[in-house]
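Spelled out, the chains give:
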Amino acid sequence: MSHHSLKSPEFLRNPSPALAKMRAEGPLVRVKIPLIGLCWTTTTDTAAREVLKDDINFARNPANAGGKDISRYYWFLPRFMRPLTRNILSLDGDAHKRIRAAVDHSFSRAEIDKLRGEITQVADHYLDQLDTEKPVDITEDYARLLPLDVISILLGIKPKLRQKLARAIAPISKPTGVMTLLTALPGLYKTQHLLRQEIQTIRTNSRAGLISSLIHDDTNALTDDEILSLAFVLFIAGHETTLHLISDAVFAITEGAEFNAPTSLAIEEFMRFFSPVMITKPLFVRKTHERFGQTLKQGDKVLANLIAASHDPARFENPEDIQTERRPNAHIGFGFGPHVCLGMHLARAETQIALERLFERYPNLERAPKGAPPIYSQRYGFRGMNSLKVNLKP
């Protein structure tokens, strides 16, 4: 088995050479992933799309592929985490459709457009707090905070609780292995405890927001554990994509990438090029079958490699170049098929507004020190800046 690392500094800075080597081996190659073990991963756009849309041969829950239920699959997690493992990302078929149907409308393009005014207010609030007299960390002081606030607004969580949640969530997105995962457990416990308390409060006193809608709309019939796991996923997955996309885009713009109207085109290109979420969660093979010249056995784990798809020269011309006016740009950075990212319209709006407001104020923003190399997070599967220091120049 060839060794392919998706977290080395060399890969994160320039993935093209490694992705080309993987493609040369075939549409499916073997990789070893921390905490997950030996997996297959796709190497082309076509292979990724085929795997992601095929819910007949692939399952999100290993119980549907001859294995243990997802809540028992991650045996090393403490008991309080069990309800959180059975979330919208790990459900199949009707179970997934039922949860998705309950929230799809709230994340539609039309509903997210209604939030643009509040997203702008959040962006301006955090920009007002940045110190223009010294370098600031765009990742920690802006890109991380904005999506957490916006998710709180969408869920209907009151401002007083938002800061507690933000502090509890901060360590969760940083684990890079077993030992660092252990350090995140207190934050995980605190987050689920605060969210469970908030669900009980809203059950008694209705208010605006998605949580209240899910509780008080009898047509949804979601349990408290289902609402908790959904809110948890929205906080964790919902803020990480946007966090990394904003900081990646700021880095690209300081490197000379164009950011002109319509800025929506640039957002799509930044998403394609950087692929902040590089790989999907494991899909489990339901039954043994042949695929792309390989024998996939029941229970095998398969990852859709989104960054490989987004850098596939068979799909994109000059994929190693950032072209912010690229058309068409049919990337699958937000996934594909039944589990396509629920919050993709929200992530697009947040990133567009965050960048527009930032560069309207500071069009000459530059990295500190100028030309400093990127410091990438070492969390497996993500391509985002651990830190991005900039000088704010009007």
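Note: the structure precedes this text.
Residues numbered from 1 in each chain as written. Predicted model: local features only at pLDDT ≥ 70, side-chain atom pairs only at ≥ 80, totals over all residues. Heavy atoms only, no water.

K.L.:
Help me understand the sheet that holds strand β9 (residues 366-367), please; the structure alone is not making it clear to me.
P.N.:
Adjacent strands of a sheet form backbone hydrogen bonds with each other and so pair up, either parallel or antiparallel. Within the open sheet, the three strands sit side by side as β4-β12-β9. Their pairing is antiparallel. Only two strands of the sheet have a single neighbouring strand rather than two, namely β4 (136-137) and β9. Inspection of the sheet shows β4 paired to strand β12 (residues 389-391) by two bridges, in the antiparallel sense. Its bridge partner being in β12, D137 is matched across the sheet by K389. (Pairing = 2+ DSSP bridges. Helix = DSSP H or I, 4+ residues; strand = E, 2+ residues; numbered from the N terminus.)

K.L.:
Before we go on, may I ask you to explain the nonpolar core in this structure?
P.N.:
A general trend in soluble globular proteins is that nonpolar side chains are found buried together. One finds V250, F270 and L358 to be the most contacted residues of the largest nonpolar core, which totals 101 residues. Examining the composition of this core, we find that 17 residues originate from one element, helix α14 (residues 224-254), more than from any other. Each residue touching L358, except ones within four places of it in the same chain, is listed here: L127, I138, Y142, V250, L365 and L392. In terms of nonpolar packing, the next biggest core, distinct from the first, is built from 14 residues, F58, V302, L306 and I332 among them. (Core = buried A, V, L, I, M, F, W, Y, C linked by side-chain atoms within 4.5 Å. Buried < 20%, exposed > 50% of the residue type's maximum accessible area, 1.4 Å probe, protein only. Contact = heavy atoms within 4.5 Å.)

K.L.:
Would you mind going over the pattern of salt bridges with me for this structure?
P.N.:
Applying the stated criterion across every chain yields a total of 23 salt bridges. Residue R116 pairs with D113 through a salt bridge whose shortest N-O separation is 3.2 Å. Classification of D113 by relative accessible area gives partly exposed; the value is 39%. Across the pair R203 and D224 runs a salt bridge whose closest N-O atoms are separated by 2.3 Å. In this pair, R203 is assigned in helix α12 (residues 178-204) and D224 in helix α14, connecting sequence segments 21 residues apart. Residues joined in a network through salt bridges with shared partners are D124, D128, R357, E360 and R361. (Salt bridge = Lys/Arg side-chain N within 4 Å of Asp/Glu carboxyl O.)

K.L.:
I keep staring at a positive patch on the surface and nothing clicks. Help me out?
P.N.:
Taken together, the side chains of K158, K160, K164, R167 and K190 present a region of like positive charge at the surface. For the positive patch, the leading source of residues is helix α11 (residues 159-169), giving three residues. Relative to the helices and strands, K158 is located in the loop between α10 (145-155) and α11. (Patch = residues over 30% accessible without salt bridge, like charges linked within 9 Å, V, L, I, M, F, W, Y side chains within 5 Å. Areas by Shrake-Rupley, 256 points an atom, 1.4 Å probe, with all protein chains shown as cover. Lys, Arg positive; Asp, Glu negative; His and termini not counted. Charge placed at Lys NZ, Arg CZ, Asp CG, Glu CD.)

K.L.:
It is not clear to me how the packing of α10 against α14 should be interpreted in this structure. Could you clarify?
P.N.:
When two helices pack together, their arrangement is captured by the angle between the axes and the distance separating the axes. Direction vectors running N to C along α10 and α14 enclose 145 degrees, while the axes themselves pass 9 Å from each other. Of the two possible hands of crossing, α10 and α14 adopt the one that is right-handed. Here P147, L148, I151, S152 and L155 of α10 come into contact with α14, specifically with A231, L234, F235, H239, T242 and L243. Looking at the contact of α10 with α14, its residues break down into eight nonpolar, three polar and no charged. (Axes fitted to C-alpha atoms, helices over the stretch in contact; angles between N-to-C directions. Left-handed = near helix turned anticlockwise from the far one by under 90°. Nonpolar A, V, L, I, M, F, W, Y, C, P; charged D, E, K, R; others polar.)

K.L.:
What am I meant to see in the pairing of strand β1 (residues 28-33) here?
P.N.:
Each regular strand carries side chains that alternate between the two faces of the sheet. Inspection of the sheet shows β1 paired to strand β2 (residues 37-42) by six bridges, in the antiparallel sense. Along β2, the bridge assignment pairs R30 with W40. Hairpin connection, β1 to β2: the antiparallel pair is bridged by three residues, and L35 has positive phi, about 75 degrees.

K.L.:
What exactly am I supposed to notice about the packing of helix α8 (residues 116-128) against α10 here?
P.N.:
Contact geometry for α8 and α10: axes closest at 10 Å, N-to-C directions at 145 degrees. Of the two possible hands of crossing, α8 and α10 adopt the one that is right-handed. Contact with α8, carried on its side by E118, I119, V122, A123 and Y126, involves L145, L146, D149, V150 and I153 of α10 and no other residues of that element. For the contact of α8 with α10, the residue count by class is eight nonpolar, no polar and two charged.

K.L.:
Sorry if this is basic, but what is going on with the sheet that holds β2 here?
P.N.:
An order of β1-β2-β8-β5-β3 is seen for the five strands of this open sheet, with the pairing classed as mixed. Strands with a single pairing partner mark the edges of an open sheet, and in this sheet they are β1 and β3 (58-59). Sheet topology places β2 next to strand β8 (residues 301-303); two bridges connect them, and they run parallel. Across the sheet, T41 pairs through a bridge with L303, a residue of β8. The strands touched by helix α3 (residues 45-53) are β2, β3, β5 (283-285) and β8; relative to β2, the strand with the most contacts, the crossing angle is about 115 degrees.

Remember, this is a structural readout, not a statement about activity or role.
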